[in-house]
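# Architecture at a glance
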Amino acid sequence: MEEKSKKKSFIKILWSTIKFFVILFAIAYIGVIIGYSVIGNGKLIDIFSLRAIKHVLDVINN
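Residues numbered from 1 in each chain as written. Predicted model: local features only at pLDDT ≥ 70, side-chain atom pairs only at ≥ 80, totals over all residues. Heavy atoms only, no water.

### Some remarks on the overall build of the chain
Secondary structure summary: the chain contains two helices and zero strands in total. Along the first, second and third principal axes, the C-alpha atoms of the chain reach 60 × 20 × 15 Å. By residue count, 6% of the 62 residues in the chain fall in the buried class. With an accessible surface of roughly 5,800 Å², the chain has 71% of that area assigned to carbon and sulfur atoms. Of the charged side chains in the chain, 9 are positive and 4 negative, and the gap between their average positions amounts to 6 Å. (Helix = DSSP H or I, 4+ residues; strand = E, 2+ residues; numbered from the N terminus. Buried < 20%, exposed > 50% of the residue type's maximum accessible area, 1.4 Å probe, protein only. Areas by Shrake-Rupley, 256 points an atom, 1.4 Å probe, with all protein chains shown as cover. Lys, Arg positive; Asp, Glu negative; His and termini not counted. Charge placed at Lys NZ, Arg CZ, Asp CG, Glu CD.)

Structure (structure tokens):
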């Protein structure tokens, strides 16, 4: 009985962790959309290219 409880607990923790990172990624990507297209006057379609994401990461890291 206790082993089932540990498995359920592990699955709940794993599910919560996955949800956290998915929400974190979504919020970060929305921030990139707002920053690149609204503040930076870039095209909205450019956000979905990897080149734009690489550029944003280069700006952050340098």
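Right, picking up where we left off after that structure.
### A look at the UniProt feature "transmembrane region" (unreviewed entry) in the chain
Taking the UniProt record as the reference, the feature "transmembrane region" (unreviewed entry) is found at residues 20–39. Within the segment residues 20–39, helix and strand shares are 100% and 0% respectively, and the terminal C-alpha atoms sit 27 Å apart. (UniProt positions renumbered as here; feature names shortened; annotations may be inferred.)

### A word on the environment of I53
Mapping I53 onto the fold places it in helix α2 (residues 50–61). In this structure, the C-alpha to C-alpha distance between I53 and F20, residues 33 residues apart in sequence, is 21 Å. Setting aside residues no more than four positions away along its own chain, I53 makes contact with Y29 and I47. (Contact = heavy atoms within 4.5 Å.)

### What to know about the pattern of salt bridges
What the rule picks out here adds up to one salt bridge. With its nearest N and O atoms 3.1 Å apart, the salt bridge here joins K54 to D58. Taken as a pair, K54 and D58 lie in helix α2 at a separation of four residues, close to a single helical turn. We classify D58 as partly exposed; its relative accessible area is 33%. (Salt bridge = Lys/Arg side-chain N within 4 Å of Asp/Glu carboxyl O.)

### Side note on the packing of aromatic side chains
Taken as a whole, this structure holds two aromatic pairs when the rule is applied. Ring plane angle 75° and centroid distance 5.2 Å describe the contact between F20 and F21, whose orientation is recorded as edge-to-face. Ring geometry for F25 versus Y29: centroids 5.9 Å apart, planes at 25°, classification stacked. Note that F25 and Y29 are positioned in helix α1 (residues 2–39) at a spacing of four residues, about one turn of the helix. For F25, a relative accessible area of 57% puts it in the exposed group. (Phe/Tyr/Trp six-rings, centres within 6.5 Å; stacked < 30°, edge-to-face > 60°.)

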